[in-house]
Amino acid sequence: KPESYVAVCVTDKLDMVWGGTDDPCALGVLYSIGAISLANNKKLMEALTPMLEKHGVPPNRVYVNFFDVPRENVGWNGATFAG
């Protein structure tokens, strides 16, 4: 997708508990129109994991949920991507 369609929201310094500890962790959600697949999701996780590790978040404390959203269910610029 073009970068102009990409939006990222990072909320840092939250109090989060995962598995009974407040060690560094990350939760993510990715919404896409037609680009969710095992191959794409794997590539994204392979790129994201090292970035998070640089900030002290180990790979086993990262969850990302991937959602493929129908074009008619995504609004932008006064319409939906379906028209």
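Reading the values: the criteria
Residues numbered from 1 in each chain as written. Predicted model: local features only at pLDDT ≥ 70, side-chain atom pairs only at ≥ 80, totals over all residues. Heavy atoms only, no water. Helix = DSSP H or I, 4+ residues; strand = E, 2+ residues; numbered from the N terminus. Rg over C-alpha atoms; globule rule 2.2 N^0.38 Å. Buried < 20%, exposed > 50% of the residue type's maximum accessible area, 1.4 Å probe, protein only. Contact = heavy atoms within 4.5 Å. Core = buried A, V, L, I, M, F, W, Y, C linked by side-chain atoms within 4.5 Å. Salt bridge = Lys/Arg side-chain N within 4 Å of Asp/Glu carboxyl O. Phe/Tyr/Trp six-rings, centres within 6.5 Å; stacked < 30°, edge-to-face > 60°.

Participant: I would appreciate a short explanation of the overall build of the protein in the present structure.
Facilitator: Looking only at helices and strands, the protein features one helix and four strands. Ordered by position in the sequence, the α and β elements of the protein form the string β-α-β-β-β. In summary, the protein has a C-alpha radius of gyration of 15 Å against a globular reference of 12 Å for 83 residues, an excess of more than 25%. Principal-axis analysis of the C-alpha atoms places the extent of the protein at approximately 45 × 25 × 20 Å. A total of 83 residues make up the protein; the buried ones form 16% of that total. When contacts within the protein are restricted to residue pairs at least 6 apart in sequence, long-range pairs at least 24 apart make up 68% of them.

Participant: In this structure, what is going on with the nonpolar core? I would like to understand it.
Facilitator: For soluble globular proteins, nonpolar side chains are generally found buried alongside one another. Judged by nonpolar contacts, A26, L52, V57, V62 and V64 together constitute the single largest core of five residues. Contact partners of A26, with chain neighbours within four places excluded, come to W18, L52, V57, R61, V62 and Y63.

Participant: Just to check I follow, could you spell out the pattern of salt bridges for this structure?
Facilitator: All chains considered together, the criterion is met by one salt bridge. Taking the shortest distance from any N to any O, the salt bridge between K42 and E46 comes out at 4.0 Å. In this pair, K42 and E46 both sit in helix α1 (residues 38-53), four residues apart, roughly one turn of the helix. A residue is classified by how much of its surface remains accessible, and E46, at 48% relative accessible area, is partly exposed.

Participant: How should I be thinking about the packing of aromatic side chains in this particular structure?
Facilitator: Aromatic rings considered in pairs are described by the distance between their centres and by the relative angle of their planes. Applying the stated criterion to the full structure yields five aromatic pairs. Centroid distance Y5 to F81: 5.4 Å. Interplanar angle 75°. Geometry classified as edge-to-face. Taken together, the residues Y5 in the segment before β1 (26-32) and F81 in the segment after β4 (79-80) connect sequence positions 76 residues apart. The interplanar angle of 25° and the centroid separation of 4.5 Å between the aromatic rings of W18 and Y63 together place this pair among those described as stacked. A residue pair is termed long-range when its members are at least 10 positions apart, and W18 in the segment before β1 and Y63 in strand β2 (residues 62-68) qualify at 45 residues. Members of the aromatic cluster, joined through ring pairs, are Y5, W76 and F81.

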